[in-house]
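Here's the letter readout for the chains.
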Amino acid sequence: MGAHTVDKDLDDLATSARAALVRVIEASGAWDADPVWREAFQQVPRHLFVPYYYVGTSDGFERVWCEDPDPGQRERWLRGAYADTALATRVRDAELVSSSSQPSLMALMLTALEIRDGDAVLEIGAGTGYNAALLAHRLGDGLVTTVDLDPEITESARQHLDAVGRHPAVVTGDGTRGVPERAPFDRIIATCTLTSIPRPWLTQCRPGALILTPLATGLIALRVRDAGHAEGRFLHTPAYFVPLRGDTRPDDPQPQHLGGLPRRARGDELFRFLLTLTAGSLDPYEAFTLWERERRPVRERYGITVSGADAWAWLDDPGGPHVWPLP
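These figures come from a predicted structure and were not determined experimentally.

Looking at the sheet that holds strand 12 (residues 302-307)
On the basis of which strands lie adjacent, the open sheet formed by 10 strands has the order 7-6-5-8-9-10-11-12-13-14 and mixed pairing. Each edge of the sheet is formed by a strand with only one pairing partner; in this case those strands are strand 7 (169-172) and strand 14 (323-325). Averaged over all neighbouring strand pairs, the angle between strand axes comes to 20 degrees, with direction disregarded. With five bridges connecting them, strand 11 (residues 229-233) and strand 12 associate as antiparallel partners. Bridging from a neighbouring strand, Arg 233 pairs with Gly 303 of strand 12.

Shown next as structure tokens:
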């Protein structure tokens, strides 16, 4: 059995599992603002992009794959491929390198990208190729570019895309530099966590373009004014992605640094978002004081401004009293 072959007796299961996933995403409200995405998720078979993935165990990771000699395990693989969960797809030295994102979060991000017919889109982080396939289904192959630093990942993504008859541009390179030869772009979407906004992205965007990227356990949507300026607010949802390779700043504060804070803060996801966003500017106790004084602000109250060489995060107002520099 080839890497992209499903047993004939699993064909019906694949169809029904994909339909069930679509119902789950629809119930989440992820594409309410742009229900056209429903067709893409109905038509693009996720299992062909994850011929294997890894499940965490007490001993590390267990590989689940389409060519397992046990029919029960092949069925387990297929059902897992259509679960509304992130799947670990590449592990090196017991460390997660790449994953296929949670489908409902992908749908939410694609909807938040506010894509219009004819938009040119750059994806940072090729992953399995599944997200690029969804974009190509909506826009056509010629308007979609996906880039990744790892040649093994891009080659695998090309193979998966070819298996479903999709051929967007798949580029091996440093995503922080964008893909200038394919610019200009109307939308940029990243599927890896960053700690700053790469300036080349802005220069490769048309005025009015939208950049959507994970940052500080959230999703920031930046509207590009011109090659040197962009601004926007965070979406409401938490988002945890594999870090952009080469980025060494931690995604989440270490527990030992929070020991003196009240338990209600240590366990609060929004407080930890504030800590991550302001790392290097506020210590945990300063962040806690602000969090309490501002009545535990939700993500949508935070934003980011990029102006030339400077970039800063802010609460409520980019020119207000609560601003913190970004790298």
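Still more to cover.
Notes on the state of the cysteines
Applying the stated rule across the entire model yields zero disulfides. Cys 192 provides the cysteine sulfur closest to Cys 205, a residue in no disulfide bond, and the two sulfurs are 15 Å apart.

Considerations on the environment of Thr 57
By the element assignment, Thr 57 lies in strand 1 (residues 52-57). Each C-alpha atom of the pair Thr 57 and Arg 264 lies 30 Å from the other, and the pair is 207 residues apart in sequence.

Description of the packing of helix 9 (residues 269-277) against helix 10 (residues 284-293)
Two numbers describe a pair of packed helices, the interaxial angle and the distance between the axes. Packing of helix 9 against helix 10 leaves a shortest axis separation of 10 Å and a crossing angle of 125 degrees. The angle between helix 9 and helix 10 places the two elements in the oblique class. Helix-helix and strand crossings are classified by hand; for helix 9 and helix 10 the assignment is right-handed. Residues Leu 270, Phe 271, Leu 274 and Leu 275 of helix 9 form the contact with helix 10, whose own contacting residues are Pro 284, Ala 287, Phe 288, Leu 290 and Trp 291. Taken together, the residues that form the contact of helix 9 with helix 10 break down as nine nonpolar, no polar and no charged.

Overview of the nonpolar core
Ranked by internal contacts, the top residues of the largest apolar core, which has 51 residues, are Trp 37, Phe 41, Leu 134, Leu 135, Leu 212 and Leu 219. At the level of secondary structure, the elements contributing two or more residues to this core comprise helix 1 (11-28), helix 2 (37-43), helix 3 (71-81), helix 4 (103-112), helix 5 (130-139), strand 9 (205-215) and strand 10 (218-226). Other than its neighbours up to four places away in sequence, Leu 134 contacts Trp 37, Ala 40, Phe 41, Val 44, Met 106 and Leu 110. Listed in part, the 46 residues of the second largest apolar core include Ile 124, Ile 188, Phe 271 and Leu 275.

Some words on the pattern of salt bridges
As enumerated under the stated definition, the model contains 20 salt bridges in all. Here Arg 76 ties to Glu 62 by a salt bridge, and the two come within 2.9 Å at their closest N and O atoms. A residue pair is termed long-range when its members are at least 10 positions apart, and Arg 76 in helix 3 and Glu 62 in strand 2 (residues 60-65) qualify at 14 residues. Since its relative accessible area comes to 31%, Arg 76 is described here as partly exposed.

Rules and cut-offs
Residues numbered from 1 in each chain as written. Predicted model: local features only at pLDDT ≥ 70, side-chain atom pairs only at ≥ 80, totals over all residues. Heavy atoms only, no water. Pairing = 2+ DSSP bridges. Helix = DSSP H or I, 4+ residues; strand = E, 2+ residues; numbered from the N terminus. Axes fitted to C-alpha atoms, helices over the stretch in contact; angles between N-to-C directions. Disulfide = S-S within 2.5 Å. Parallel < 35°, antiparallel > 145°, perpendicular 65-115°, else oblique. Left-handed = near helix turned anticlockwise from the far one by under 90°. Contact = heavy atoms within 4.5 Å. Nonpolar A, V, L, I, M, F, W, Y, C, P; charged D, E, K, R; others polar. Core = buried A, V, L, I, M, F, W, Y, C linked by side-chain atoms within 4.5 Å. Buried < 20%, exposed > 50% of the residue type's maximum accessible area, 1.4 Å probe, protein only. Salt bridge = Lys/Arg side-chain N within 4 Å of Asp/Glu carboxyl O.

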